[in-house]
Amino acid sequence: MTPTLAHPPIHRTDQRARDWAEIQERMLVPLYESVHERLNVGTGTRLLGVGCGAGLALLMAAARGATVTGCDPDDHRLALARQRLLPAPQWGVPAPSSGRVRLVPGGPKAAAVPGARPFTVITAFDPAAPPSDLVPALRTAAALAERGSPVVLAGWGPPERCATGRVLRVAARLAEPRGAAVETRLSGRDDLEDMARGAGLRPDGSGRVSCPFGYPDMDSAVRGLVSTGLFDAAAAATDGDQVRKELREALHPYRRADGTVRMENVFRYLVARV
């Protein structure tokens, strides 16, 4: 299995969570749309988002009529998900999504409700989640789902189809002084299948989706990529300023004449069954 960038203990800031929500998360919209369409997510779907982040994928599922539950250990990202999905009632009128949305801190175990109907779809869209964390989380989530329900894992596509992979090598190189394991899930052919089987799931099809990363300027590109958490080990081994400097240099080939930055990427997803 191709490794991923190891995550040291970190303390994410509110600003970095906002950078994720406002800059980076939208890059994965084609992935979310493709999966929701393939699985016919809609009215009657009870969806659990593992590592739901700032909640954009949940928001899109709820807009299709699904009842959604999201869990994430990042309090800052989860607070932004609440703003999106559970806005405060106005003039005494409940928010349109109230009653169909639940957000909980932590992992899937926190999403369990005694006597509740089981989930019918589980998603784990975060391509930065280390397998050592994701596999046990999927195993727990699967226990909350109906037998035969789809569980979706997502990851980077083949290295030759992911321009961002060349930029992520900066993180691996800078992390080396502390011996941090290099983990980017750029993507061995059977990586997602191996993780699914490790969680006790049965692979049942896959897909590829084009997810170009486009930014209005270099500063947005750097902030968006840092917000993923994939550069945390590099920052711990050197410092944040050094990481940002080398990121700018690595992004230079993707800067266009008008100042925008664009990298073509393909993401892969796996549908497995409980």
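See the structure above.
Here's what I pulled together on the structure shown here.

What counts and what doesn't
- Residues numbered from 1 in each chain as written.
- Predicted model: local features only at pLDDT ≥ 70, side-chain atom pairs only at ≥ 80, totals over all residues.
- Heavy atoms only, no water.
- Pairing = 2+ DSSP bridges.
- Helix = DSSP H or I, 4+ residues; strand = E, 2+ residues; numbered from the N terminus.
- Axes fitted to C-alpha atoms, helices over the stretch in contact; angles between N-to-C directions.
- Contact = heavy atoms within 4.5 Å.
- Phe/Tyr/Trp six-rings, centres within 6.5 Å; stacked < 30°, edge-to-face > 60°.
- Buried < 20%, exposed > 50% of the residue type's maximum accessible area, 1.4 Å probe, protein only.
- Right-handed = clockwise from strand over helix to strand, strands pointing away.
- Parallel < 35°, antiparallel > 145°, perpendicular 65-115°, else oblique.
- Left-handed = near helix turned anticlockwise from the far one by under 90°.
- Nonpolar A, V, L, I, M, F, W, Y, C, P; charged D, E, K, R; others polar.
- Polar contact = N/O pair within 3.5 Å; in protein donor to acceptor, adjacent residues only side chain to side chain.
- Salt bridge = Lys/Arg side-chain N within 4 Å of Asp/Glu carboxyl O.

### Notes on the sheet that holds strand β4 (residues 121-124)
Logical step 1: Read across the sheet, seven strands follow the order β3-β2-β1-β4-β5-β9-β6 without closing on themselves; strand pairing throughout is mixed. A single partner strand is all that each edge strand has here, and the edge strands are β3 (101-105) and β6 (202-210). Averaged over all pairs of adjacent strands, the angle between their axes in this sheet comes to 20°, without regard to strand direction.
Logical step 2: Summarising the sheet, strand β1 (residues 46-50) and strand β2 (residues 67-72) pair through five bridges and their orientation is parallel. Along β2, the bridge assignment pairs Gly49 with Gly70.
Logical step 3: Relative to the sheet, helix α2 (residues 29-38) contacts β5 (150-156), β6 and β9 (266-273), its axis offset from that of β6 by approximately 135°.

### Things to note about the packing of aromatic side chains
Logical step 1: Taken as a whole, this structure holds four aromatic pairs when the rule is applied.
Logical step 2: Ring plane angle 50° and centroid distance 4.8 Å describe the contact between Tyr32 and Phe125, whose orientation is recorded as tilted. Highlighted residues: Tyr32 in helix α2 and Phe125 in the loop between β4 and α5 (131-142), separated in sequence by 93 residues. Comparing Tyr32 with Phe125, the two get one shared label, buried.

### A look at the pairing of β4
Residues in a regular strand point their side chains to alternate faces of the sheet.
Logical step 1: A two-sided burial pattern is seen for β4, the buried positions comprising Val121 and Thr123 on one face and Ile122 and Ala124 on the other.
Logical step 2: Direction of pairing for β1 relative to β4: parallel, over a ladder of three bridges. Each residue of the ladder has a partner; that of Leu47, found in β4, is Val121.
Logical step 3: Across three bridges, the pairing between β4 and β5 is parallel. Looking across to β5, one finds that Ile122 is bridged to Val151.
Logical step 4: With α5 bridging β4 and the parallel β5, this β-α-β connection has right-handed handedness.

### Section: the packing of helix α1 (residues 14-24) against helix α8 (residues 218-226)
When two helices pack together, their arrangement is given by the angle between their axes and by how far apart the axes lie.
Logical step 1: Two numbers describe how α1 lies on α8: the axes approach to 8 Å, and their chain directions differ by 115°. As the angle between them shows, α1 and α8 are arranged roughly perpendicular. In this structure, the crossing between α1 and α8 has a hand that is left-handed. Residues Gln15, Arg16, Asp19, Ile23 and Gln24 of α1 lie in contact with α8, whose contacting residues are Ser220, Arg223, Gly224, Leu225 and Val226.
Logical step 2: Of the residues contributing to the contact of α1 with α8, the split by class is three nonpolar, four polar and three charged.

### Focus: the side chain of Arg268
Logical step 1: Relative to the helices and strands, Arg268 resides in strand β9.
Logical step 2: Of the polar contacts made by the side chain of Arg268, one reaches the side chain of Glu193; its length is 2.4 Å.

### Concerning the environment of Gly53
Logical step 1: Relative to the elements of secondary structure, Gly53 occurs in the loop between β1 and α3 (56-63).
Logical step 2: Judged by its relative accessible area of 4%, Gly53 falls in the buried class.
Logical step 3: C-alpha of Gly53 to C-alpha of Arg77: the two residues are 24 residues apart in sequence and 5.2 Å apart in space.
Logical step 4: Once residues within four sequence positions are removed from consideration, Gly53 is found in contact with Asp72, Arg77, Leu78 and Ala81.

### Comments concerning the pattern of salt bridges
Logical step 1: What the rule picks out here adds up to 16 salt bridges.
Logical step 2: Where Arg16 meets Asp232, a salt bridge forms, and the shortest distance between an N and an O atom there is 2.7 Å. Of the two residues, Arg16 sits in helix α1 while Asp232 sits in helix α9 (residues 232-237), which places them 216 residues apart along the sequence. Summarising the burial analysis for this pair, Arg16 and Asp232 share the class buried.
Logical step 3: Between Arg173 and Glu246 there is a salt bridge, with its nearest N and O atoms 2.4 Å apart. Note that Arg173 is positioned in helix α6 (residues 164-175) and Glu246 in helix α10 (residues 240-251), a separation of 73 residues in sequence.
Logical step 4: For Arg173, a relative accessible area of 43% translates into the label partly exposed.
Logical step 5: For Glu246, a relative accessible area of 11% gives the class buried.
Logical step 6: One salt-bridge network, held together by shared partners, links Asp19, Asp219, Arg223 and Arg248.

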